[in-house]
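What follows is the residue order along each chain.
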Amino acid sequence: MKRLMYFGLGLALAVTVAGPMGPVVQAQVDPTAQQVNWAQAQPVDFSALRSHLAAQNWQAADAETRRILDPWIHPNGDILGTPLATNIPPEVLQTLDRLWVEASDGRFGLSVQQKIWQEARDQNPVDSAVAAKVFGDRVGWTRPPGVEDPTFIAGEWLTEQEINYSLDAPVGHLPWAGVSWAKISEILSVQSCGSCTIDAMYLQGERFTRHIPVLFNWVATVIDRPIPQVGSWQRAQLARSIDLRSLYPESQCPVRAVSSAISPNGAVIAIGSYSYERSCATPGESALALWNAQRGNRIVTLHRGPALEAFSQGSPAQEPATEGDRIVGDVANAVAFTPDSQYVAAGMSYGVVRLWSATTGEQARIFEGHRYAVRAIAISSDGQTLASASSDNTIKLWNLQTGQLLRTISTSAADGIVHTLRFSPDGQRLATATQHNTLQLWDATTGQLVRTLVNRATNLYPPMPLAFSADGQTLATADSDNSVKLWNARTGARQITLKGHSAPVLDLAFSPDSERLATSDGTTARLWNLQTYATVHTLPLDQSVGHPVQPTNLGEVAFSPDGRTLATSTLLLPLVESEPIPHQGLTLWDAATGESLNQIHDVGQFQFSPDGRFLLANGQRMQIWQPYSSLVQ
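Values in this document were obtained by computation on a predicted structure and should not be read as measured data.

Some remarks on the sheet that holds strand β32 (residues 615–618)
Reading across from one edge, β1-β33-β32-β31 is the order of the 4 strands in this open sheet, with antiparallel pairing throughout. The sheet is open, and its two borders are formed by β1 (237–242) and β31 (606–608), each paired with just one other strand. Here the strands of the sheet are splayed against their neighbours by 20 degrees on average, with no regard to which way each runs. The sheet contact formed by β31 and β32 spans 3 bridges and is antiparallel.

This is how it looks when you write it as C-alpha cells:
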C-alpha cells in the first residue's frame, strides 16, 4: 500500500510540475563544470574490479564500477544533483573501459557504449533526450513494450534488479549507468516526504537523459587521450591554494605577496605579504607566515605589524627620502630557508634580519646593524653565512650560527640600491645587482670587489638578471645591448657574449646540469646549448601578437629540478572572456623538444619547489600546482 500511496502522490505532483502544456524544458547545465580536484583525489584501487571481471561475476563488477564512479559523478553523495560525468579523470575512465572490454571480449565497456550512443545521436541530432531513449533501447536499458513496471516508479527505464548480468545481454549492456536500487529504496522509505517519489522517479528516468549525453561525449573526448608519464608537467594539476586574505580578516585593502621561499625539503612555504592601498579605509597590515606545502594550511604566523608607504613613515626612517613609494612598516621584503630546512630568515623593512625555527616558529636570532630596510638576503649553500643588502648601500655578511657580523661591503649610492644577492654554489663569491643595473662580483670571504660586470647600464626598470650555474663555473648576466654575457664565476673574466634577443633580457636560468641556459625578453624565450653557444629553441611568449592591448610580460624563466621542463612567463588569451585581452600566465615546455606541454592562466611570479614536487605560482591566491600523478592502482 505504501508503494501505491507514493505512486499516487508522485503522479499528482508530476502533473503539477509538467503543467497542462506538456513537460517543462529543463535549463541547460554546463556539463564541463569540474567540481572535483583530480590532484587532491586518492588513487583508485581497481583490484576488486579486476577480480570480479576475471571470474565473470558481472553483477559484482557492475556494482564495483558504480562504487568507483559515484564519487566523481555525484560529488559529496548528491545523487539528486546533475550527474557530473566530466569529473571522471581520463585515466580512470580508460582503465574501466579496458578492463570491461578485455573481460567481455569486446561485448561490454564504455567505448562500446559510446559507439552505440554516437549512432543514436547521429539519428537524432536535435533532441538528446530522444537519442538517449534510442540508445537505451539498443543496449537493453529500457523496458520492452508490454512489459509492466513492477515498481510503479521506474517507467520506461529498467531498475538495477532488472539488468541482465550475463554475456547473453545485448552488446553494450554493461556497465549500467543507473543508480542502485538500494539508494532509491532508501529515498522511498522516508516517512512524510512529499517529494520522495518524484526524486525516485527522476533517478529512474530524467537522470538518464541528462547523464547519458554528457557521459558519452566525455568518453569520446578522453578515451584515446594519451596519459602523461607520472611526474610529467604535461597535465599540471592545481593541488591547492593558499589564501593570504585569511591573515587579514578585518582588512578591506587588497593583499599582495611581497616575498616567498620554499624550504629545500619542499615541506614548508614562507610568504611575506601586506594588505595596504593608499585609498583604503582600513589601516595597512603586514605579515610573514609559514604554510604547509602538502595541505595548504597555515602552520604559524611568524611576524605581524603595520604597512604604510615610506613617504608617511615616522622616525627613524626605514627608507631614504628617494624611496617614498616603498611599503614599509613590518614588511618581510625577502625570505630564505637554510639548506637543512630547519630555519627561515627574513629581511625586514625596519632594517634587521630575523631568524626563526621553521619547525616551532620560535625566534632564534636577530641580525642588527643596517640603517635602512633590508631589501635582499641570501644564505650560502653550507648554511654558514647570511648576506643582507640594504637601502643604506651596504651589504653585510653574518655568521648564521652565532649572529656575528663578519664584514660590511659598502656600495656606491650612484649605482643604486642592491635588489638581488646570489651566492656561488661554493659560497666563495657573491653576485649583486642594483636598481641602476650595476652588476658586480665580490669575494665573499674578504668582501673585496672581483669585478664590475655591468656598469650602470640604465636607471630604468626592468632590472637586469644574473645567475650562477649549478656547477659553480659560470655566472650569466644580461647587458644593456640586449645580449647575455657569460663570465668565469671565480675570476670575473668574460667568456662569451650571446646575441639574439631584440629587447632587454628580463630573466635567465641555468639548467640543473649547467649545460643549457634559458633567457627571456618577455616576447621570446631562448634555450641555449652551452657547449656550442647556439640557440636550441626559440619559444614564443605572446599568444596575442598584434593585439591593441599589450600588457608587460614578467618574462620569468625557470627549469624544473630534473631539467626536463622549462617554465616561462607568457601572455595568454583568456579561456573565456568577451574581450580577448591577453593576461599574464605561464607556459610549461618540454626542455628537450621545445614543445608546449601546458599553460596556466592568470598567474604571475612562480618558482619550482627544490624537490620538484610542485610549482608555486602567484595568482588571485598563491597556487600550488603539481605534475601528473596517476590515479590508477
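There is more to say after this.
With respect to empty space enclosed by the protein
On inspection of all chains with the given rule, the structure shows 1 cavity of 30 Å³ or more. If you add up the space inside the largest cavity, you get close to 120 Å³. What lines the largest cavity is a set of 14 residues, and nearest its centre among them are L69, I73, W176, A177 and H211. Sorting the residues of the lining of the largest cavity by element identifies α3 (58–73), α5 (110–123) and α9 (206–222) as the ones contributing at least two each. Here the lining of the largest cavity takes 5 residues from α3, the largest share from any one element. A per-class count over the lining of the largest cavity returns 7 nonpolar, 4 polar and 3 charged.

Regarding helix α4 (residues 90–103)
In this model, α4 (14 residues) spans 20 Å end to end at C-alpha, consistent with the 20 Å of a helix rising 1.5 Å per residue. The buried count for α4 comes to 10 of 14 residues, which makes it a mostly enclosed element. When α4 is considered as a whole, its buried residues turn out to be P90, E91, V92, L93, Q94, T95, L96, D97, L99 and W100. Contact partners of the buried residues in α4: α2 (47–54), α3, α5 and α9. One or two steps after α4, the chain reaches D105, where phi turns positive at roughly 55 degrees.

Analysis parameters
- Residues numbered from 1 in each chain as written.
- Predicted model: local features only at pLDDT ≥ 70, side-chain atom pairs only at ≥ 80, totals over all residues.
- Heavy atoms only, no water.
- Pairing = 2+ DSSP bridges.
- Helix = DSSP H or I, 4+ residues; strand = E, 2+ residues; numbered from the N terminus.
- Axes fitted to C-alpha atoms, helices over the stretch in contact; angles between N-to-C directions.
- 1 Å grid on protein atoms, 1.4 Å probe; cavity = no way out; pocket = protein on both sides within 12 Å on 5 of 7 lines; lining within 4 Å.
- Points joined across faces, edges and corners; volume = space filled by probe spheres on them.
- Nonpolar A, V, L, I, M, F, W, Y, C, P; charged D, E, K, R; others polar.
- Expected span 1.5 Å × (residues − 1).
- Buried < 20%, exposed > 50% of the residue type's maximum accessible area, 1.4 Å probe, protein only.
- Contact = heavy atoms within 4.5 Å.

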